Amino acid sequence: MAQIFHPGADTRLRLAMVALGGGLVLLFVAGDRFFGSDWFTGRGDHPAQPVPFSHQHHVAGLGIDCRYCHDQVERTATAGYPPTYTCMSCHSQIWTGAPVLAPVRASLAHDEPIRWQKVYDLPDFVYFDHAIHLKGGVGCSTCHGRVDRMPITAQAAPLTMGWCLSCHRDPAPHLRDPADLFAMDWQPGPDQRQKGEARMARLGIEPARLQNCYTCHR
Amino acid sequence: MTGRPEREIAALRAQLQGERGPRLWRSLEEIAESPAFARVLGAEFGGFALPEAGRRDVLRAMAASILLAGLPGCGKGPPDAVLPRVADPADDPPPDRPRQYATAVTFEGFARPVLATTYAGRPVKLEGNPDHPASRGATDAFTQAAVLELYDPDRSQSPTLLGKESGWDQAVQAMVTARRDWLRNGGEGVRLLVEPTTSPTFRRQIEALRQQLPQLRLHAFEPVGKERREAAARLAFGRPLALRYALEHAAVVVSLEDDLLGPGPAQVDHALGWSARRRGGHDAGAEAIRLHVAESTPTLTGAMADTRRIVPSARIPALVAVLAAALGRDGAPAAPELSADERGFVSSWASELRAHRGEALLAVGAHQPPEVQALALRVNAQLGQLGRTLLASEPVVWPGAEAAGTLQELVADMAAGRVQALVVLGANPAYTAPGDLDFTAALQKVPWRLHAGLHRDETAGFCHWHLPLAHPLESWSDARTVDGTATILQPTVRPLFGGRSVHEVVALLAGDPWARDREIVRATWRDRLDDDAWRAALRQGFVPGTAAAPVGDLAPSPAPIGLPPAGGDRGLEVVIRPDPSIWDGRFANCAWLQELPKPLTKLTWDNVLLVSPALAAERGLATGDVARITLGDRELRGPVWVQPGQAAHTVTAHLGYGRKRIGRVGQGIGYDAYAFRASTKPWLGTGAEIAATGDRHELATTQPHHRMDEYRPVRLVAPGKALEARPEEENQASLYPDWDYPEIAWAMVIDLDLCIGCNACVLACQAENNVPSVGKHEIGMGREMHWLRVDAYHDGDPLDPSFYFQPVPCMHCEKAPCEVGCPVNAAVHTPDGLNAQVYNRCVGTRTCSSYCPYKVRRFNWFEYAKPAEPIVAAHYNPEVTVRARGVMEKCTYCIQRIARARIDAALEDRPLKGSDVITACAAVCPTTAIRFGDRNDGASEVARAQKSPRHYGLLEELGVRPRTTYLARIADQGEKGEG
């Protein structure tokens, strides 16, 4: 009767087991890389807009405050896109005939909204609130990046749940003074942790509560 | 149930008697413990019992579902566009913040004052107007459903001519041409059929129209109207009056088939008054309201009564006559003979009424003959109740009998060819006219017919022209509540489907096609309200000081009142009632209301013929058998429902079903009781026969679903007594460490002594939390999605049981089994004591539901929330996730309101208080039976209620420490076996 197992059967089995184990690890690593990649999360994406609006020009070049256009941001969940009127408050005086602004003028003339494309698009089961983040001391650039250096607005953060939680678990390094909220070039100082923790204590911000599911999901 | 009737009923009774201690039962099948019923109970979700399949089929299905399970989570979906406004929205609230408008929706012409919550210009939820005396924040179930009615894609979308789509321009042209003819002879032969209304503007417009066309005749018809009560007022006092009960001033109420607490225009008003008195009585030690009811078919009023007597509907006149003879001084007709039993309770009620002179009330159903009601009104007047428990005022509804003809007169004139043109405003007589009138045959003799309504309904199908009306939430109008207080209705959204308001249509009839509803309504109020007062009235939701003027010094007219001849004793009596969920059929196309379990039967999507267990046993009928009722030459076929507490020889038929043209939701279901109705005796037919046809009809009821293993779910306590603690309640040990709730601990206490089972909370929850409807088939599978259910229990003899209601939301247990059971940690505990459900984590194992002892979790089997048409999605509350399929969901204590309040408090630098949040169910409750708040705050209502001697929890022996608890119902005798 012939041998059932080949002399190398043991070796093959061991190799197969190592390959399986290694493959699993590789799969997880690859999966992590893939789901964390900019391609998947959309970081760096800059959807085409009907008007090539440049934050760089308006913020860095002209020094317009964020709240001139996003005027609801301190009061409500969404920062609010400016109505066409806000654009025209300047552009009825300057660049009145610029071809790139034709859609803005058409919007006003025909009373039809401009169809901007969302750059930061959260899933529908996530309830983000701008106002409460500003109140807590999270400034614009923490999530939106250096908008003042963006000729075309791009998504600066991965917007994954892990990224959200990294701050909800430990907000202290990101919390600013109210005066600095809209500063684009804000950098944490050496005493940031103390300042951040003092702010948390004053406002009663507790990471334990921030990590609750129902903080963002309802 | 077949075989010998006596034996079967005896068997049911024996089954109950064999129990040790008290036992509450939900249905007759449950007492009989039929095998089919046991199967339904055994399955976690009734419909998930596996089909007769082999092992391999099951494995195959499992493999496929595992493969499919992950798919919905993949992909990011299409990119979103953002459309900011063009104009500067400086005056507008931010788009993601709700804005509330004080307005009203109407029901049978009466206003139901609401605050309409709108997001970005679309109304999503109606709250009762807390400042309005007739609402105080509460509404009924119909009002909650008005939002879905607004977005109904089956609503009429354009004018039609002979069934073909036309436009408003053509319609206006046709009207102008028709008017030219009418003006030639002063409107001779022109008829206007309206539903009675309370709108001062509508009245002003019609009266102006009659100036133009003096020969125009007006007819009014309401299928479930109160014209018999108006006639009774005229009989008793010799003048038209609006009559209203003030239950808050009543110590004793004797209701003879008057469903005070049941659905109807006055439900909220009555519930507010009754509950204020009942709660005040029990809590403050004052005299509680006593409610005695005699009725043929069980109602919510009967369920809440201190004593309930079952009498045939045809016996009510005799009871009233005897009461009148016992109490009244003059003018009472000769008292007929009563049985010994009837004499007993009637004389005790009479002496109670006499003892509480001035704070008693004798209420007789509005469907009883006018003479009978007039007799009762006279008794009330003689006992000095006018102006105290019975309020009389100038009429609120218009047109009354003085100003308008009846439907019968209209049909007679149409049949005789005396009508040249007919305009039907809002009404739907082709469906709602009693069958013996043969309305449609007469209608077709009219050469020019126009119908205006929300839907292209049956009447629209018989008219040349049909015009779409705008919904009350999309138009300017005005209306009055039952007490006469006027509300200006303001639109919350532009007409979605191109309808025009009824005022614009009347203006069109009056030759002014350009009038806009806002100006028309403003003109009505110009004299009374200057611009500031107008704005104030809009802001607060009513015009102060417009309550109907009370009529003092009413003298009962001395003329003797004779009773109508009693029907024969032979055969059965058929009583006809509006359906508790879809009323007279006007709500037939509203899926929320179709799927709302009817208060006592928990039936959905159907109407049935209610028969008593005795009659069922006698005739060999069982629930679900199709039976034929014959009465003279009229016939009605419908499925039977064996109803405990029904009078032995009374069959109840419900209106509102059997619609032929309304929309995809409501047509073609149930039987049409209007066709069976007689115009002379619209509410009661005597001498009928019932027989089984041999057919069966599948009925979808939620009654056997979600049963808890609790032997005393509803507890009773004698007045002034405390509940005796159950021994197992002391054993609250747990293996798990205790949570501490340092800040807020949310809790809910539901007072079963006040819950009238009206279902308003169920629909408020559905509207607030984006709970989808699932349809009749899915209900039959046990898959209803209501987060909050109202259980109905029976106690005692199946022929004459007591009824109890118990709303059951999530218990938010402190030691929640669901949290332990979830393999992916989607059921989590929050620091304020909620059992949160994380939809995006849930993979749909349904373990939590099988672990839940209260059966409050709901699984979304299919894409139930996917709207049939895009416009329907507009009713979704943007603050709440719309759940996808494969996800478990349940009551969240309205977590979105808590989150909102928490953020608002933080923005305003103040701590969150328990009183900042109220759940949708608690807000809407017309009896304030549901209380919600912070248990840690000793001064809060819930904390105080938890210290009540009536306080208890469900299944306390499990030691799960539910956060939703109950207050026992107060009953004279307390619990059976109680000391």
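Residues numbered from 1 in each chain as written. Chains lettered and ligands numbered in written order. Predicted model: local features only at pLDDT ≥ 70, side-chain atom pairs only at ≥ 80, totals over all residues.

- With an unreviewed UniProt entry as reference, chain A is termed Cytochrome c3 family protein, source organism Benzoatithermus flavus.

1. Structural notes on the overall build of chain B
Logical step 1: For chain B, the helix and strand inventory stands at 29 helices and 40 strands.
Logical step 2: Within chain B, counting contacts between residues at least 6 apart in sequence, those at least 24 apart form 75% of the total. (Helix = DSSP H or I, 4+ residues; strand = E, 2+ residues; numbered from the N terminus. Contact = placed C-beta atoms within 7 Å.)

2. Regarding the packing of helix α7 (residues 200-212) of chain B against helix α18 (residues 502-509) of chain B
Residue and element names in this part refer to chain B.
Logical step 1: Two elements in contact, α7 and α18, have axes whose closest approach is 10 Å; the angle formed by their N-to-C orientations is 10°. Of the possible angle classes, the one that applies to α7 and α18 is roughly parallel. Contact residues: α7 offers T201, F202, Q205, I206 and L209, while α18 offers V502, H503, V506, A507 and L509.
Logical step 2: Looking at the contact of α7 with α18, its residues break down into seven nonpolar, three polar and no charged. (Axes fitted to C-alpha atoms, helices over the stretch in contact; angles between N-to-C directions. Parallel < 35°, antiparallel > 145°, perpendicular 65-115°, else oblique. Nonpolar A, V, L, I, M, F, W, Y, C, P; charged D, E, K, R; others polar.)

3. Concerning the UniProt feature "transmembrane region" (unreviewed entry) in chain A
Logical step 1: Under the feature "transmembrane region" (unreviewed entry), the UniProt entry names residues 15-35 of chain A.
Logical step 2: Split by type, residues 15-35 of chain A is 100% helix and 0% strand. Its first and last C-alpha atoms lie 29 Å apart. (UniProt positions renumbered as here; feature names shortened; annotations may be inferred.)

4. What to know about the interface of chain A and chain B
Logical step 1: If you look at the interface, chain A gives 36 residues, while chain B gives 30 residues.
Logical step 2: Of all the secondary-structure elements, those providing two or more residues to the side of chain A that touches chain B are α5 (84-91), α6 (102-110), β1 (116-117), α7 (130-136) and α12 (213-216) of chain A.
Logical step 3: Here the side of chain A that touches chain B takes three residues from α7(A), the largest share from any one element.
Logical step 4: When grouped by side-chain class, the residues that make up the side of chain A that touches chain B number 16 nonpolar, nine polar and eleven charged.
Logical step 5: By the bridge criterion, two bridges tie β1(A) to strand β2 (residues 81-82) of chain B in an arrangement that is antiparallel. Bridge assignment links W116(A) to a residue of β2(B), and that residue is V82(B). (Pairing = 2+ DSSP bridges.)

5. Comments concerning the UniProt feature "domain: Cytochrome c7-like" (unreviewed entry) in chain A
Logical step 1: Those residues carrying the UniProt feature "domain: Cytochrome c7-like" (unreviewed entry) are residues 126-218 of chain A in this numbering.
Logical step 2: Helix and strand shares over residues 126-218 of chain A are 44% and 0% respectively, and the end C-alpha atoms of the span are 8 Å apart.

6. Topic: the domain arrangement of chain A
Logical step 1: When its domains are assigned, chain A resolves into domain 1 (10-41) and domain 2 (55-81 + 116-216).
Logical step 2: Relative to domain 2 of chain A, the C-alpha centre of domain 1 of chain A lies at a distance of 36 Å. (Domains from an automatic or database assignment.)

7. Examining the pairing of strand β3 (residues 99-107) of chain B
Residues and elements named next belong to chain B.
Logical step 1: Two strands pair when backbone bridges link them, and β3 and strand β4 (residues 110-119) are joined in this way by nine bridges, in the antiparallel orientation. Pairing of Y101 across the sheet is with A116, part of β4.
Logical step 2: The loop that links β3 with its antiparallel partner β4 comprises two residues; one of these, E108, has a positive phi angle of about 50°.

8. Concerning the sheet that holds strand β13 (residues 307-310) of chain B
All names here are of chain B.
Logical step 1: Taken in spatial order, the four strands line up as β13-β12-β11-β14 in an open sheet, and their pairing is parallel. Since the sheet does not close on itself, it has two edges, and those belong to β13 and β14 (360-364), each with one partner. Averaged over all adjacent pairs, the angle separating strand axes in this sheet is 10°, with direction ignored.
Logical step 2: Examined bridge by bridge, strand β11 (residues 252-256) and β14 share five bridges and lie parallel to one another. When the bridges of β14 are listed, V254 appears paired with L362.
Logical step 3: Helix α12 (residues 340-355) rests against β11, β12 (290-295), β13 and β14 of the sheet, and its axis sits at about 140° to β11.

9. Focus on the packing of α18(B) against helix α19 (residues 517-525) of chain B
All names here are of chain B.
Logical step 1: As a packed pair, α18 and α19 sit with axes 8 Å apart at the nearest point and diverge in direction by 85°. Between α18 and α19, the angle is such that the two are roughly perpendicular. Between α18 and α19, the residues in contact are H503, E504 and A507 and D517, I520 and V521, respectively.

10. Considerations on the environment of L203(A)
Logical step 1: For L203(A), the position within the fold is in helix α10 (residues 192-203).
Logical step 2: A C-alpha to C-alpha distance of 9.8 Å links L203(A) and G137(A), two positions 66 residues apart in sequence.

11. Some points on the pairing of β12(B)
All names here are of chain B.
Logical step 1: With six of six residues buried, β12 is to be regarded as a mostly interior element.
Logical step 2: Of the two faces of β12, the one holding R290, H292 and A294 and the one holding L291, V293 and E295 are both buried throughout.
Logical step 3: Examined bridge by bridge, β11 and β12 share five bridges and lie parallel to one another. Following the sheet pairing, L256 is matched in β12 by A294.
Logical step 4: Bridge count for β12 against β13 is four bridges, and the pairing is parallel. Considered in β13, the bridge of E295 is made with I310. (Buried ≥ 20, exposed ≤ 12 C-beta atoms within 10 Å, placed from the backbone.)

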